[in-house]
Amino acid sequence: MNLKVNAKLDPQFTPMSVVCREMREATKDNGQDIVIGIERNKGYTTTYKTRIFPDGTGKDVENFDFVERIVKTLLWVAGGFKIIIAGSDTVAAKIKEAYSYGGARDFDVRFMERVYETTFSVESVSLDNAPVDKSSASPVGRHLDGCRIGFDAGGSDRKVSAVIDGESVYSEEVVWFPKTNTDPDYHYQGILDAMKTAASKMPRVDAIGVSSAGVYIDNRIMVASLFLKVSDEDFDKKVKNMYIDVAREIGADIPIEVANDGDVTALAGAMNLNDNSVLGVAMGTSEAAGYVDPQGNITGWLNELAFAPVDFCKDAMVDEWSGDYGCGVKYFSQDGVIKLAPFAGIELDESLSPAEKLKVVQGLMAEGDERAAAIYDTIGAYFGYAIAYYSEFYDIKHVLIMGRVTSGQGGVILLERAQEVLDKEFPELAKKISLNIPDENARRVGQSVAAASLPKLR
């Protein structure tokens, strides 16, 4: 695979975006159409159409390897509990084997079953019965009327704002320790205290918007790292409906909307840019993402790009949690920086925490160390190719980049290299997509106002 922009410290990097392009090219004269669909709650379905080599022509392994990566991506981009393969029983059979208990993607199956509380399945259908896109058309956010509470549940602090007609009249940040606390009453009381404080700063409360890391279905908490230490029994009894229960304590009929913090960050960026089709990517402890579609909607997709593959190379680093290779978490997070350090000739003290190791590299970067610059250069190449891959699934006009990994001069190098990839490899995307780093103040204040704007007044 000849890349026009190389990942300097990772010569085996095989971008998914280029793999997709090469598969389309290789099958344009004698390909077999295939449609991949992922179904989630309420019958919502997200599809991806492409071509593969005809079944039974000695390319069945290549077909599976390619389709499996697309399936994996769709699962973590949109979310779902049913995979539908239209156009190839051969590929569908191998996908079913992989996405089963004890199969290669056992982790993904169990995770999605927990999120959607439904048995996971794989279905093979004819092209005539291929799945079609079905999504919710209701816009979320940008409602600025009335007296609103905006709550942002972080892992180390919680933020709350009282917002009247789009203006924040009060905000506070309180340090808390949700990830180490086993008692869900600790979380409940902390959230309730924050809401009551904000409510006391306004004549009334018309709506409550919540921004929180995790997966939310119909305002219910399905998976969230804030409740890492809470037992499964307590999670089911006391956590799932926690935000709904707190809202009821503030007022009986107050509308509440809970959204993933990545989506709210993207919404804040869209409000700041006064535009839509915004993909926000935060590179910190992991890779977090959010998306606002061309109509200005938050889609209800998972947008868990940390688990979406960006590197097709089977020798790529494996994520310890999911047991899969080439996924975003090892490319666009502090793990990505740490992974590349030895290849740049930087030895990091193994006794340091991941955050401390990142600080060492950032310190070298601030001193103008060329080895540190090579790390950010490589991540930038990764990211440029990843943006092109994400464009296979998202309609993107703006990419917002944020998080600890992007701070300082390293972030500038990263963006420059990503832009070069788009310019040289994907000029049609380069004309359409702008890359941005929002300033810290716009991000912090904008987040609370965006969260407050989530619900529509009844």
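Residues numbered from 1 in each chain as written. Predicted model: local features only at pLDDT ≥ 70, side-chain atom pairs only at ≥ 80, totals over all residues. Heavy atoms only, no water.

A short note on the pattern of salt bridges
Part 1 of the reasoning: Across all of its chains, the model carries 34 salt bridges by this definition.
Part 2 of the reasoning: Between Glu-25 and Lys-28 there is a salt bridge, and its shortest N-O distance comes to 2.8 Å.
Part 3 of the reasoning: Under the relative-accessibility criterion, Glu-25 is labelled partly exposed at 47%.
Part 4 of the reasoning: Ionic pairing is found between Arg-105 and Asp-324, a salt bridge with its closest N-O pair at 3.1 Å. Separated by 219 residues along the polypeptide, Arg-105 in the loop between α3 (89-98) and α4 (106-116) and Asp-324 in the loop between β13 (287-292) and α9 (334-340) bring together distant segments of the chain. (Salt bridge = Lys/Arg side-chain N within 4 Å of Asp/Glu carboxyl O. Buried < 20%, exposed > 50% of the residue type's maximum accessible area, 1.4 Å probe, protein only. Helix = DSSP H or I, 4+ residues; strand = E, 2+ residues; numbered from the N terminus.)

Some remarks on the pairing of strand β6 (residues 157-164)
Part 1 of the reasoning: Counting buried residues along β6, seven of its eight residues qualify, which places the element largely inside the surrounding structure.
Part 2 of the reasoning: As defined by bridge partners, strand β5 (residues 147-153) adjoins β6 across seven bridges and the pair is classed as antiparallel. Each bridged residue has a counterpart across the sheet, and for Gly-150 the counterpart in β6 is Ser-161.
Part 3 of the reasoning: The pairing of β6 with strand β7 (residues 167-175) spans eight bridges and is classified as antiparallel. What sits directly across from Ala-162, in β7, is Tyr-170.
Part 4 of the reasoning: Between β6 and β7, which follow one another and run antiparallel, lie two residues, and Asp-165 among them has a positive phi close to 50 degrees. (Pairing = 2+ DSSP bridges.)

A look at the sheet that holds β7
Part 1 of the reasoning: Taken in spatial order, the five strands line up as β7-β6-β5-β8-β11 in an open sheet, and their pairing is mixed. The open sheet has two edge strands with one neighbour each: β7 and β11 (256-260). Between one strand and the next, the sheet's axes are offset by a mean angle of 15 degrees, whatever the strand orientation.
Part 2 of the reasoning: Where helix α5 (residues 184-199) meets the sheet, its contacts fall on β5, β6, β7 and β8 (207-212), and the angle it forms with β6 comes to roughly 25 degrees. (Axes fitted to C-alpha atoms, helices over the stretch in contact; angles between N-to-C directions. Contact = heavy atoms within 4.5 Å.)

Some points on the packing of aromatic side chains
Part 1 of the reasoning: Overall, the coordinates contain 26 aromatic pairs when judged by the stated rule.
Part 2 of the reasoning: Consider the rings of Phe-111 and Trp-321, whose centres lie 6.2 Å apart with planes at 85 degrees: the pair is edge-to-face. Of the two residues, Phe-111 is situated in helix α4 and Trp-321 in the loop between β13 and α9; the sequence distance between them amounts to 210 residues.
Part 3 of the reasoning: Taking relative accessible area as the criterion, Phe-111 reaches 10% and is therefore assigned buried.
Part 4 of the reasoning: Looking at Arg-114, its charged tip hangs above the ring of Phe-235, at a distance of 5.1 Å from the centre.
Part 5 of the reasoning: A cation sits over an aromatic face here: Lys-339 above Tyr-331, 3.6 Å from the ring centre. (Phe/Tyr/Trp six-rings, centres within 6.5 Å; stacked < 30°, edge-to-face > 60°. Lys NZ or Arg CZ within 6 Å of the ring centre and 35° of its normal.)

Topic: helix α1 (residues 16-26)
Part 1 of the reasoning: Inspection of α1 places Met-16, Ser-17, Val-18, Val-19, Cys-20 and Met-23 among the buried residues, and these make up the whole buried set.
Part 2 of the reasoning: Buried residues in α1 make contact with β2 (45-52), α2 (60-78) and α11 (370-390).

Considerations on the state of the cysteines
Part 1 of the reasoning: What the rule picks out here adds up to zero disulfides.
Part 2 of the reasoning: Cysteine Cys-327 is unpaired, with the sulfur of Cys-313 as its nearest cysteine sulfur at 13 Å.
Part 3 of the reasoning: Assessed through its relative accessible area of 1%, Cys-327 is described here as buried. (Disulfide = S-S within 2.5 Å.)

What to know about the sheet that holds strand β4 (residues 121-125)
For sheets, the rule is that strands pair by backbone hydrogen bonds, running either parallel or antiparallel.
Part 1 of the reasoning: Strand order in the open sheet made by the four strands is β2-β1-β3-β4, with mixed pairing throughout. Each of the sheet's edge strands pairs with one partner strand only, and the pair in question is β2 and β4. Along the sheet, successive strands turn relative to each other by an average axial angle of 20 degrees, direction set aside.
Part 2 of the reasoning: Seen against the sheet, α3 touches β1 (32-39), β2, β3 (82-86) and β4 and runs at an angle of roughly 175 degrees to β4.

Regarding the packing of α2 against α4
Part 1 of the reasoning: Closest axis-to-axis distance for the α2/α4 pair is 12 Å, and the angle between their directions is 25 degrees. It follows that α2 is roughly parallel to α4 by the angle criterion. α2 and α4 meet at a crossing whose hand is left-handed. Residue-level inspection shows Lys-72, Leu-75, Trp-76 and Ala-78 of α2 in contact with α4, the latter providing Phe-107, Asp-108, Phe-111, Met-112 and Tyr-116. (Parallel < 35°, antiparallel > 145°, perpendicular 65-115°, else oblique. Left-handed = near helix turned anticlockwise from the far one by under 90°.)

Structural notes on unusual backbone geometry
Part 1 of the reasoning: Although it is not a glycine, Arg-142 adopts a positive phi angle of roughly 70 degrees.
Part 2 of the reasoning: Note that Arg-142 resides in the loop between β4 and β5.
Part 3 of the reasoning: In this model, Asp-218 sits at a positive phi of 50 degrees, which is unusual for a non-glycine residue.

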